[in-house]
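Listed below, chain by chain, are the residues.
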Amino acid sequence: MRMADTMAPPINSKYNPEFANLAARALWCKPVYCPKLDPGAYCSMPEYNEFLTRIFEILKPFAKQGIILNEDSELVTELGLTSLQVMELIEQIEDHFDMSIPLNILPDIRTIHDLARQLEKLTS
Amino acid sequence: MSLFDKFQPIVEIRAELKKLGIMPFGAVTEKILSSTEAIVNGHKVILAGTNNYLGLTFDPECIAAAKKAVEEQGTGTTGSRMANGTFAEHVKLEQELAAYFDRKHAIVFSTGYAATMGMGSTLAGAGDVIVLDADSHASIYDGVRLGGAEVIRFRHNNSADLEKRLRRLGDRVSNTLIIVEGIYSMLGDQAPLADIAEVKRKYGGILLVDEAHSLGMLGEHGRGVAEAAGVEDDVDFVVGTFSKSLGATGGYCVSSHPELEAIRFAIRSYIFTASPSPSVIASTRVALRLMQERPELRVRLWENASRLYAGLKQLGFAVSPQISPVVAVTIKQRDQAISWWNELMQRGAYVNLVMPPASPTTDSLLRCSVSAAHSSEQIDRIIEAFATLKTPAADSDPVT
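Residues numbered from 1 in each chain as written. Chains lettered and ligands numbered in written order. Predicted model: local features only at pLDDT ≥ 70, side-chain atom pairs only at ≥ 80, totals over all residues.

Here we look at the nonpolar core
The test is simple: Nonpolar core, as used here: buried Ala, Val, Leu, Ile, Met, Phe, Trp, Tyr and Cys residues forming one set through C-beta atoms within 7 Å. Counting other C-beta atoms within 10 Å of each residue's C-beta, where C-beta atoms are placed from the backbone, gives the exposure class: buried for 20 or more, exposed for 12 or fewer, partly exposed between. Put simply, DSSP marks the helices as runs of H or I at least four residues long and the strands as runs of E at least two long, and each gets a number from the N terminus on. An automatic or database domain assignment is the source of the domain bounds shown. By the convention adopted here, residues are in contact when the distance between their C-beta atoms, placed from the backbone, does not exceed 7 Å.
One finds Ile130(B), Leu208(B), Tyr252(B), Cys253(B) and Val327(B) to be the most contacted residues of the largest nonpolar core, which totals 120 residues. Looking at this core element by element, the count peaks at seven residues for helix 11 (residues 278–293) of chain B. In terms of domain composition, this core takes at least three residues from each of domain 1 (8–57 + 295–395) and domain 2 (60–293) of chain B. Excluding anything up to four places from it in sequence, Tyr252(B) contacts Leu97(B), Ala106(B), Ile107(B), Val108(B), Phe109(B), Ala115(B), Val239(B) and Gly240(B). Core analysis: the next-biggest nonpolar cluster, separate from the first, contains 16 residues, Tyr48(A), Leu52(A), Leu59(A) and Leu115(A) among them.

See the structure below:
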């Protein structure tokens, strides 16, 4: 089980089920919103939630036809991103965080979680 | 689930095209009539998509040299350059290439693919970084993946984006290889090499330029975009091919870095393949000389390129961003591109149909390449064939 799974809040947003939930999750995961959790857990991956939030924002247009974006959403098979769209996603993340993302990480990425986790590794 | 499942999309597209009676990929040239005309899939056509830029494939001197080589040295070398496959002529061609490019060292490869793939996979390995233009050719992408370096793309022809990438690397830029092309094969647009060289001077790194589509076309001596931009000293390695302007097959890398002679013995695509056949080396050597002796070929090529570009633009087609021997028409709808490709063939013009992912965007292309050997009348006939296509303006949005 991944750490992110243990921190998932209930799905309860009424006004924007796709994103409010995720934003809530992202915020909820920050130490300031969950003081009872072991702060050390966040020190090892300080950027994960920031990456996650950004990815969700960029992928908003792909959450169509009842698909609810979550960390386990698969970029290609589920959201239907083409290789060009994957590269556009990467470029937008690069611009936002002023970082370069090597192509080498792509084979290890299927889900949004995989991507955020790899980005976190790159910046750690 | 089987190994073959992943090929299903290809199977489906092929079936769809077959139903329409169109087979654009793998069209068969049944009879080649000259460097600019052939019978393809049963149609007599003007060849407007063969990259035969200088039209040297039927040059009598090239043919005579190839014939002589076959008779004197046989049909093939049957061996690697590192074993029995280095003939005196391979070495001579390397010396002639080095002299032509005014560099100290040259390596001849069996194909252009082997040259770019081999250099990309060997120059930078584990622990090194490669920063490449996003629209780089498949041979570059294949190579860099094989080499194990960290691979970072920058936005196509965007030197500011390249600068960002190099800045972010910090000290690692000292073992960074930058890869760009001279003229890009699909749209024919040129790299802003003066800007790229400036960025390289500021940050460092090693610069490799693939001049496959620009050899013989640009610069005072025809050495390509680097010469035209006046930045050859900033380019560490030039790679290219014999299969376009030189009318044969094979590839090369030239450099003034003495290390190239050591690198040669580490390039797997150079070592583990048979060397080019004697006839190929012979015709290439003559073509390399003719290219230098006949600057008028280049003049003719650009006249033809300008004529075709202006003609298609006037008809309302979305042509490439700049005039080039590659004139590509961008078409939004794939089916429209397929149907037009077919119509052009029936009207006597053979061009290349390019669909994603081979095209740089989600659009399809009808890609023309002109030759110095085309007559003005042939260029006009290509334009006339395009003019018969229906509603170009509505389906082919201008490229900005």
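A look at the confidence of the model for chain A
Rules: Along the chain, pLDDT gives the predictor's confidence residue by residue, from 0 to 100.
Considering every residue of chain A, the mean pLDDT works out to 70; 62% of them sit at 70 or more. Per-residue pLDDT stays below 50 along residues 1–46 of chain A; that stretch engages in 37 contacts with residues further than four places along the chain or on separate chains.

A look at helix 11 of chain B
Residue and element names in this part refer to chain B. Condition: Working rule for helices: expected span equals 1.5 Å times residues minus one.
Relative to the 22 Å expected for 16 residues at 1.5 Å per residue, helix 11 spans 23 Å between its end C-alpha atoms, a close match to the ideal helical length. Counting buried positions along helix 11 yields twelve of 16 residues, so the element is predominantly enclosed. Among the residues of helix 11, Pro 278, Ser 279, Val 280, Ile 281, Ala 282, Ser 283, Thr 284, Arg 285, Val 286, Ala 287, Leu 288 and Met 291 are the ones counted as buried. On its buried face, helix 11 is in contact with helix 2 (60–73), helix 3 (88–101) and helix 12 (295–314).

Here's the deal with the sheet that holds strand 13 (residues 352–354) of chain B
Residue and element names in this part refer to chain B. What counts is decided by this rule: Only when DSSP finds a minimum of two bridges between them are two strands counted as paired. Lines fitted to C-alpha atoms define the axes, with helix axes restricted to the stretch in contact, and inter-axis angles between N-to-C directions lie between 0 and 180 degrees.
In spatial order, the strands read 11-14-13; together these three strands make up an open sheet with antiparallel pairing. Two strands close off the open sheet at either side, each with one partner strand: strand 11 (326–331) and strand 13. The sheet shows a mean angle of 25° between the axes of neighbouring strands, direction not considered. Strands strand 11 and strand 14 (364–369) of the sheet are contacted by helix 12, whose axis makes an angle of about 20° with strand 11. Sheet strands in contact with helix 13 (residues 334–346) are strand 11, strand 13 and strand 14, and its direction is about 35° off that of strand 14.

Here we look at the pairing of strand 7 (residues 176–181) of chain B
Residue and element names in this part refer to chain B. Put simply, the test is: With strands facing away from the observer, any crossover in which the path from the first strand over the helix to the second runs clockwise is taken as right-handed.
Counting buried positions over the six residues of strand 7 gives six, a clear majority of the element. Residues of strand 7 alternate between two faces, with Thr 176, Ile 178 and Val 180 on one and Leu 177, Ile 179 and Glu 181 on the opposite face, all of them buried. Relative to strand 7, strand 5 (residues 129–133) is paired through four bridges, and the arrangement is parallel. Bridge pairing links Leu 132 to Ile 179 in strand 7. Across five bridges, strand 7 lies against strand 8 (residues 206–210) in parallel orientation. Within strand 8, the position partnered with Ile 179 by the bridge is Leu 208. Traced from strand 7 through helix 7 (residues 193–203) to strand 8, the parallel crossover comes out right-handed.

Comments concerning the pairing of strand 10 (residues 251–255) of chain B
Residue and element names in this part refer to chain B. Of all five residues making up strand 10, five are buried, and the element is well covered by its neighbours. Bridge analysis of strand 4 (residues 105–109) against strand 10 gives five bridges, and the strand direction is antiparallel. Across the sheet, residue Val 108 finds its bridge partner in strand 10, namely Tyr 252. Of the pairings in the sheet, the one linking strand 9 (residues 237–241) to strand 10 comprises five bridges and is antiparallel in character. Bridged to Gly 240 within strand 10 is Tyr 252.

Details of helix 4 (residues 112–123) of chain B
Here helix 4 of chain B contains twelve residues, and its C-alpha end-to-end distance of 16 Å stays within 8% of the 16 Å for a straight helix at 1.5 Å per residue. Inspection of helix 4 of chain B places Gly112(B), Tyr113(B), Ala114(B), Ala115(B), Thr116(B), Met117(B), Gly118(B), Met119(B), Gly120(B), Ser121(B), Thr122(B) and Leu123(B) among the buried residues, and these make up the whole buried set.

Quick notes on the sheet that holds strand 5 of chain B
Residues and elements named next belong to chain B. Strand order in the open sheet made by the seven strands is 4-10-9-8-7-5-6, with mixed pairing throughout. Every other strand in the sheet has two partners, leaving strand 4 and strand 6 (150–154) as the edge strands with one partner each. Strand-to-strand twist across the sheet, computed as the mean angle between neighbouring axes with direction ignored, equals 20°. Relative to strand 6, strand 5 runs parallel, the two being bridged by five bridges. Bridge pairing links Ile 130 to Val 151 in strand 6. Contacting strand 4, strand 9 and strand 10, helix 3 crosses the sheet at an angle of about 130° to strand 4.

Thoughts on the environment of Ile22(B)
Residue and element names in this part refer to chain B. Turning to its location among the elements, Ile 22 is positioned in the loop between helix 1 (8–19) and strand 1 (29–32). A residue is classified by how many C-beta atoms lie within 10 Å of it, and Ile 22, with 17 of them, is partly exposed. Residues contacting Ile 22, with those up to four places away along its chain left out, are Leu 17, Ile 338 and Asn 342.

A look at the packing of helix 4 (residues 48–59) of chain A against helix 5 (residues 83–97) of chain A
Residues and elements named next belong to chain A. Convention followed: Angle categories are assigned with fixed cut-offs, so that under 35 degrees is roughly parallel, over 145 is roughly antiparallel, 65 to 115 is roughly perpendicular, and the rest are oblique. Whether a crossing is left-handed or right-handed is set by the direction in which the near helix is turned from the far one by less than a right angle, anticlockwise for left-handed and clockwise for right-handed. Gly falls in the polar group here, along with every residue not listed as nonpolar (Ala, Val, Leu, Ile, Met, Phe, Trp, Tyr, Cys, Pro) or charged (Asp, Glu, Lys, Arg).
At their nearest, the axes of helix 4 and helix 5 sit 10 Å apart, and the two run at 130° to each other. What the angle tells us is that helix 4 and helix 5 run oblique. For the crossing formed where helix 4 meets helix 5, the hand is right-handed. Where helix 4 abuts helix 5, its residues Arg 54, Ile 55, Ile 58 and Leu 59 lie against Leu 89, Gln 92, Ile 93 and His 96. A per-class count over the contact of helix 4 with helix 5 returns five nonpolar, two polar and one charged.

Observations regarding the confidence of the model for chain B
The pLDDT averaged across chain B works out to 94; a share of 98% of its residues lies at or above 70. The ipTM for the predicted assembly is 0.85, set against a pTM of 0.88.

Things to note about the environment of Ala38(B)
Residue and element names in this part refer to chain B. On the secondary structure map, Ala 38 appears in strand 2 (residues 37–40). Accessibility expressed as a C-beta count within 10 Å gives 19 for Ala 38, which makes it partly exposed. Here the alpha-carbon distance between Ala 38 and Tyr 350, two residues 312 residues apart in the chain, equals 9.1 Å. If sequence neighbours within four positions are ignored, Ala 38 has contacts with Thr 29, Lys 31, Ile 32, Leu 33, Val 45 and Leu 47.

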